[in-house]
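Remarks on the overall topology
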Amino acid sequence: MKKDILIVEDEEKLRNTISDYLTLNGYTTLQAADGMEALHLLESSRERIGLVILDLMLPYLNGFELLRKIRAEGEVPVLVLTAKSSEDDQLRAFSMGADDYLLKPFLLSVLKAHMEALLRRVYNKGKRREYGRLVLEEEAHKVYLDEKCLELTPREYEVLNFLTMNEGLVLSRDRILDEVWGIDYHGTDRAVDTIIKQLRLKMKQAGSYISTIYGTGYRFEVTENEDHQG
């Protein structure tokens, strides 16, 4: 997995804080204070950059314009980090190719969790992934519990795959619906609850890996004790 993270943020203190935190967690970073500087780094260091953390309100070349140029040149994942909280801004960013959207103010640990979930989604596709007692083989669309293959429906597999690729993150029912059922789905979010209930039954004790976050959605997380037991 590529480790170099490009931080595009015009506020110097925040940019340095993010960079220092990621460096402490084993990443190397590049920094840009405006859109034009970021564009230059993307052109000169394209092979080094594994992910872009992008503010939208930037001097010279704003974040939307930069995002358009990034997508015209390649598929490097982009995590938008911004104070622009309107639904229109979020929809615009996603329609232009953003991979994730996180609002300021934020916790550094939450930023790291979003970033690592995005890196897993992009760079671990097709690989065998282990989560405690579970093993997912993405290319084969198979899930194993204690080495025994589970009989999952395609929808159950898709939901579990999406949860695991976002391990540790709280995912709303609406986000799961959009990702798995598609944005044109017109049913209710109870469909998500039904699939989660079925997954927990089939996963037996490992069903505890899926936590209900009341009023919000679900989170997939293997506890340390469970992980060691697996």
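Just so we're clear, the structure is a prediction, and the values are computed from it rather than from any experiment.

1. Remarks on the pairing of strand 3 (residues 49-54)
- Across the 6 residues of strand 3, 6 count as buried, placing the element largely inside the fold.
- Alignment of strand 1 (residues 4-8) against strand 3, held across 5 bridges, turns out to be parallel. What sits directly across from aspartate 4, in strand 3, is isoleucine 49.
- Where strand 3 meets strand 4 (residues 78-82), 3 bridges bridge the pair, whose relative direction is parallel. By the bridge assignment, valine 52 is partnered in strand 4 with valine 78.

2. What about the packing of helix 1 (residues 12-24) against helix 5 (residues 108-123)?
- Where helix 1 contacts helix 5, the axes come no closer than 11 Å and their chain directions differ by 65°. With respect to helix 5, the element helix 1 is oriented roughly perpendicular. Relative to helix 5, the crossing made by helix 1 is right-handed. Contact residues: Thr17, Ile18, Tyr21 and Leu22 in helix 1; Leu108, Ser109, Leu111, Lys112 and Met115 in helix 5.
- When grouped by side-chain class, the residues that make up the contact of helix 1 with helix 5 number 6 nonpolar, 2 polar and 1 charged.

3. Here's the deal with helix 1
- With 13 residues, helix 1 ought to run about 18 Å at 1.5 Å a step, and its terminal C-alpha atoms sit 18 Å apart, in line with that.
- Among the residues making up helix 1, those that are buried are Leu14, Arg15, Ile18, Ser19 and Leu22. Across the axial projection of helix 1, the buried residues extend over an arc of 130°, all falling on one side. For helix 1, the exposed residues lying more than 90 degrees away from the buried face are Glu12, Lys13 and Leu24.

4. Regarding the pairing of strand 12 (residues 217-220)
- Strand direction decides the pairing type here: strand 10 (residues 170-172) and strand 12, joined by 3 bridges, are antiparallel. Residue pairing for strand 12: valine 170 is matched across the bridge by arginine 219.
- Pairing of strand 11 (residues 210-213) with strand 12, which is carried by 4 bridges, proceeds in the antiparallel orientation. If you follow isoleucine 210 over to strand 12, its bridge partner there is phenylalanine 220.
- Between the end of strand 11 and the start of strand 12, which pair antiparallel, lie 3 residues, with glycine 215 showing a positive phi angle near 85°.

5. Focus on the environment of alanine 113
- Mapped onto the elements, alanine 113 comes out in helix 5.
- In this structure alanine 113 comes out as partly exposed when scored by relative accessible area, which is 22%.
- Taking the C-alpha atoms as reference points, alanine 113 and glycine 168, 55 residues apart in sequence, are found 6.9 Å from one another.

6. So, the environment of leucine 66
- By the secondary structure assignment, leucine 66 is in helix 3 (residues 63-73).
- Between the alpha carbons of leucine 66 and alanine 38 there is a distance of 8.2 Å; along the sequence they are 28 residues apart.
- In this structure leucine 66 touches Val8, Gly35, Ala38, Leu39, Leu42, Leu54, Leu58 and Leu61, once residues within four positions along its chain are discounted.

7. Looking at the nonpolar core
- Grouped together as the largest cluster of nonpolar side chains are 31 residues, with contacts concentrated most on Leu134, Ile176 and Phe220.
- Mapped by element, the contributors of at least two residues to this core are strand 7 (134-137), strand 8 (142-145), helix 6 (154-165), helix 7 (173-181), helix 8 (190-203) and strand 12.
- The element contributing the most residues to this core is helix 8, with 6 residues.
- Not counting residues up to four positions away in its chain, the partners in contact with isoleucine 176 are Val159, Phe162, Leu163, Leu171, Trp181, Val192 and Tyr218.

8. A word on the sheet that holds strand 7
- If you walk across this open sheet you meet the 4 strands as 6-7-8-9, and the pairing is antiparallel. Edge positions in the sheet fall to strand 6 (128-131) and strand 9 (148-149), since each of these pairs with one other strand and no more.
- Inspection of the sheet shows strand 7 paired to strand 8 by 4 bridges, in the antiparallel sense. The partner of leucine 136 across the bridge, within strand 8, is valine 143.
- Strand contacts of helix 6: strand 6, strand 7 and strand 8, with the helix running at about 75° to strand 6, the strand carrying the most contacts.

9. Overview of the packing of aromatic side chains
- Taken as a whole, this structure holds 3 aromatic pairs when the rule is applied.
- On the numbers, 5.5 Å between centres and 85° between planes, the contact of tyrosine 131 with phenylalanine 220 is edge-to-face. Highlighted residues: tyrosine 131 in strand 6 and phenylalanine 220 in strand 12, separated in sequence by 89 residues. Judged on exposure class, the residue tyrosine 131 and its partner phenylalanine 220 are both buried.
- Between tyrosine 209 and phenylalanine 220 the ring centres are 5.8 Å apart and the planes differ by 85°, which places this aromatic pair in the edge-to-face class. Taken together, the residues span a long stretch of sequence, with tyrosine 209 in the loop between helix 8 and strand 11 and phenylalanine 220 in strand 12 at a distance of 11 residues. For the pair shown, tyrosine 209 and phenylalanine 220 are each scored as buried.

Procedures and definitions
- Residues numbered from 1 in each chain as written.
- Predicted model: local features only at pLDDT ≥ 70, side-chain atom pairs only at ≥ 80, totals over all residues.
- Heavy atoms only, no water.
- Buried < 20%, exposed > 50% of the residue type's maximum accessible area, 1.4 Å probe, protein only.
- Helix = DSSP H or I, 4+ residues; strand = E, 2+ residues; numbered from the N terminus.
- Pairing = 2+ DSSP bridges.
- Axes fitted to C-alpha atoms, helices over the stretch in contact; angles between N-to-C directions.
- Parallel < 35°, antiparallel > 145°, perpendicular 65-115°, else oblique.
- Left-handed = near helix turned anticlockwise from the far one by under 90°.
- Contact = heavy atoms within 4.5 Å.
- Nonpolar A, V, L, I, M, F, W, Y, C, P; charged D, E, K, R; others polar.
- Expected span 1.5 Å × (residues − 1).
- Arc of directions from axis to C-beta.
- Core = buried A, V, L, I, M, F, W, Y, C linked by side-chain atoms within 4.5 Å.
- Phe/Tyr/Trp six-rings, centres within 6.5 Å; stacked < 30°, edge-to-face > 60°.

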